[in-house]
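# Commentary on secondary and tertiary structure
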Amino acid sequence: MKKTVDVSIPLGPMHPCWKEPVRIKCETAGERVLRAEVELGYMKKGIERIMRGRPWQEVMFLAERVCGICSVVHNMVFIEAMEKISDIAVPPRAAYLRVVANELDRVASHILANFSYCYTIEHETLAMYLLNTRETVLDNLERLTGSRINTAYMIPGGVRFDLLPGDAAAMLADLAKVEEEMKRHVRIFETGPLIALRSKGIGYMSREDAIRAHTVGPTARASGVEDCDLRLRHPTYRALGFTQITRTEGDNFARVMVRFQEVFQSIDLIRKCIETLPDGPIRGGGFCKAGETSYAGEAPRGELTYAIKTDDYGRVIDIAIRTPSVMNIEACAHEMIKDAASIADVTSTFISSDPCIACNER
Amino acid sequence: MKFLYEKDLRQMKYTILTSMRHDETVRAIAARLGMSDAKLRMVLIRRFDMSLLENIESRWQMGQQHADDGDPVAAELGCDLFTRFIPLVDRETMQTIYSETTAMTQEMPFEEAVARGKERVREAVLS
Amino acid sequence: MSILQKIKNTVRSRSIHVSYVDVGSCNGCDIEVLACLAPRYDIEQYGIYVHNNPREADVLLVIGSVTPQWVDKLRDIWEKIPEPKVAVAIGNCPISGCVYARKGTLTSPPVEKYIPIAAQVPGCPPRPTEILSAILSVAPLIFKDYEEKQP
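What you see is a predicted model, and the numbers here were worked out from it, not measured in a lab. (Residues numbered from 1 in each chain as written. Chains lettered and ligands numbered in written order. Predicted model: local features only at pLDDT ≥ 70, side-chain atom pairs only at ≥ 80, totals over all residues.)

## A word on the overall build of chain A
The line we're drawing: By the criteria applied, helices consist of DSSP H or I runs no shorter than four residues and strands consist of E runs no shorter than two, each listed in order from the N terminus. We compute the radius of gyration over the C-alpha atoms and compare it with the globule rule, which gives 2.2 Å times the number of residues raised to the power 0.38. For the exposure call, what matters is how many other C-beta atoms sit within 10 Å of a residue's own: 20 or more marks it buried, 12 or fewer exposed, and in between partly exposed, using C-beta atoms placed from the backbone. Residues are treated as contacting if the C-beta atoms built from their backbones sit within 7 Å of each other.
Helix and strand counts for chain A stand at 14 helices and 9 strands. The C-alpha atoms of chain A give a radius of gyration of 21 Å, which matches the 21 Å a tight globule of 362 residues would have. The principal-axis extent of the C-alpha atoms belonging to chain A is close to 65 × 45 × 35 Å. Buried residues in chain A amount to 57% of all 362 residues. Across chain A, every contact between residues at least 6 apart in sequence was considered, and the portion connecting residues at least 24 apart equals 71%.

Next up, the structure:
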């Protein structure tokens, strides 16, 4: 492949826009980016290698530390995979509380992703508003689970802490506040002419490209891929009447807007959960058994798959984790950044796909 | 003063490929191409960047589902699969191999022509 | 104490530039450093400015146990920071390796092997207020009368 390349510009590993170290080498002709190459290895900790041969009690905490931003969903998918292997039933109250914790985490993660995008296109005012709203969401996560980031809330057969009636009322009041604030932020984002100039029509990815690279989550939904939300197949979400949000533009603006819309949807889901929370115990019983399974759940960034093999004592013999960022970063680097009009768009396009390097490399 | 920041990435790329699912995928691709695993790994490490290596498993899965519907020659050679889903061969080379193999099917039995075409794909991958 | 030193002390106490580098963690500590920027904690009211440029920084926040790519590069970053400088380790990872210091890992903690660390903030992850108070208490100790303390 011979192309006229003027200069190869490396971005990173330390870059003001990157929250985590990654290096993108852009081959440019003039200002136009011809090709981009991603160099990883800055966050490779070898979690899958550490997990092998350890009991599930330890792997549970390791799974959560694959990614700090979406730690609740890593916990949830690993625990649900263990429950699937061992046929452990979850009490209905615990299943609903899991949804509450997971959706709070999703709201926090989406707001953080949109904060990063606004920060990257230098709209610091909106970025700071969003970050402040996120703190309220994290307060509620702390109210429910006792911790801000790494919660370890779910265990096989239930959850650890119950939601007290007083806490539920406070949480609903806080969520109403968050929703009101978010409505204002979305209006700022949607109608800002400078934001539209830097977002609309930039970083376009077609539906075919999205399917070919197996993009998942908001990145795929913004390109118009239908039926890619695994919450549609989760029994608890089905009972809550979940529907998927899809947009068809496929540019940076659509990706950020999908996340904004999902925040409102998640708040509605939490509200519905708390209002219809069934009574009963929050912990069932059971033993973890030998078996092999592959289980997928919907993380804030998309489809998260755990392939686990366990032995009779509940030890994990072999494990493979496929995180959503693996697909999204690859699609972003090879489909969106390719033919970007300028280097300035590379950073914002990369951030708009919500990359999580810690997830990607594990 | 240090000007060279580049590091040898081969060891790290190999670490990516040793994961359970990635290993299975590399073996499946090698079986499909009819070449040894070690040689394919070498080619992958030399050609692909690290994020593409991480994503090779899901790209292979999507390739199995969506690539090359219809044309039997293209399906046997993996025309779409090895150019767009897993970019091991560039498109012009694959197009010439495809058209020549289609021409060969007129003269000789289908299996033999496809076997020769596959041999050429393997050469293109290793080159 | 000379007048020049006094001026330097005053200026330095109200203008601390912070740069953070993630050398392989779960990024939980990363987002807690980011949360310090939020108007609730408002890191800038103390004169601390967070951005990611080591050449302008005074304080380097090191997050994470050290991965193979960072083994040689962390030292480079440390050398690019102008004097006076201070490194603060955030979280358990740079101190001990946290959950990653097990058999089969690719990391090689602690960070102290590579660069001198002045203060450590344990926690997985520590709260934003703790990070904030660590920066505020360690920076004046190092920066006050820096030139006069030099041999």
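## A few points about the domain arrangement of chain B
Residues and elements named next belong to chain B. Let me state the cut-off plainly: Domain segmentation is taken from an automatic or database assignment of domains. Under the convention adopted here, Pro, Cys and the residues Ala, Val, Leu, Ile, Met, Phe, Trp and Tyr are nonpolar, Asp, Glu, Lys and Arg are charged, and Gly plus all remaining residues are polar.
In terms of domain boundaries, chain B breaks down into domain 1 (9–66) and domain 2 (68–127). Opposite the 13 residues of domain 1 that make contact, domain 2 presents 10 residues. Contributing elements (two or more residues each) for the side of domain 1 that touches domain 2: helix H2 (20–33), helix H3 (37–47) and helix H5 (56–66). With 5 residues, H5 is the largest single contributor of residues to the side of domain 1 that touches domain 2. Considering only residue class, the side of domain 1 that touches domain 2 consists of 7 nonpolar, 2 polar and 4 charged.

## With respect to the confidence of the model for chain B
Residues and elements named next belong to chain B. Selection criterion: pLDDT is a per-residue confidence score from the predictor, ranging from 0 to 100.
The predicted model of chain B averages 80 in pLDDT, with 94% of residues at 70 or higher. In the model of chain B, helix H6 (residues 72–77) stands out as the element of lowest mean pLDDT, 72, in contrast to H2, which has the highest, 86. Interface predicted TM-score (ipTM) for the complex: 0.86; the corresponding pTM is 0.88.

## Section: the interface of chain C and chain A
With 33 residues of chain C in contact, the opposing surface of chain A contributes 32 residues. Elements with a minimum of two residues in the side of chain C that touches chain A: strand E1 (16–22), helix H2 (28–35) and helix H3 (70–80) of chain C. At 6 residues, H2(C) tops the list of elements feeding residues into the side of chain C that touches chain A. Split into classes, the residues belonging to the side of chain C that touches chain A amount to 17 nonpolar, 11 polar and 5 charged.

## A short note on the nonpolar core
Heads up, the condition is: Buried Ala, Val, Leu, Ile, Met, Phe, Trp, Tyr and Cys residues whose C-beta atoms connect them within 7 Å together make up a nonpolar core.
Of all hydrophobic cores here, the largest spans 184 residues; its most connected members are Val59(C), Leu61(C), Val62(C), Val88(C), Ile90(C) and Ile135(C). No fewer than three residues from each of domain 1 (9–66) and domain 2 (68–127) of chain B sit in this core.

## Quick word on the sheet that holds strand E4 (residues 86–90) of chain C
Residues and elements named next belong to chain C. What counts here: Should DSSP find at least two bridges between two strands, the strands are taken to pair. Note on definitions: angles span 0 to 180 degrees between N-to-C directions of axes, and those axes are lines fitted to C-alpha atoms, for helices only across the stretch in contact.
Strand order in this open sheet of 5 strands is E2-E1-E3-E4-E5, and the pairing throughout is parallel. Each end of this open sheet is capped by a strand with a single partner; those strands are strand E2 (48–50) and strand E5 (119–121). Averaged over neighbouring strand pairs, the angle between their axes works out to 25° when direction is ignored. Looking at chain direction, E1 and strand E3 (residues 59–63) are connected through 5 bridges and run parallel. Within the sheet, the bridge partner assigned to Ser19 lies in E3 and is Leu60. Against the sheet, helix H5 (residues 128–143) touches E1, E2, E3, E4 and E5, its axis set at about 160° to E4.

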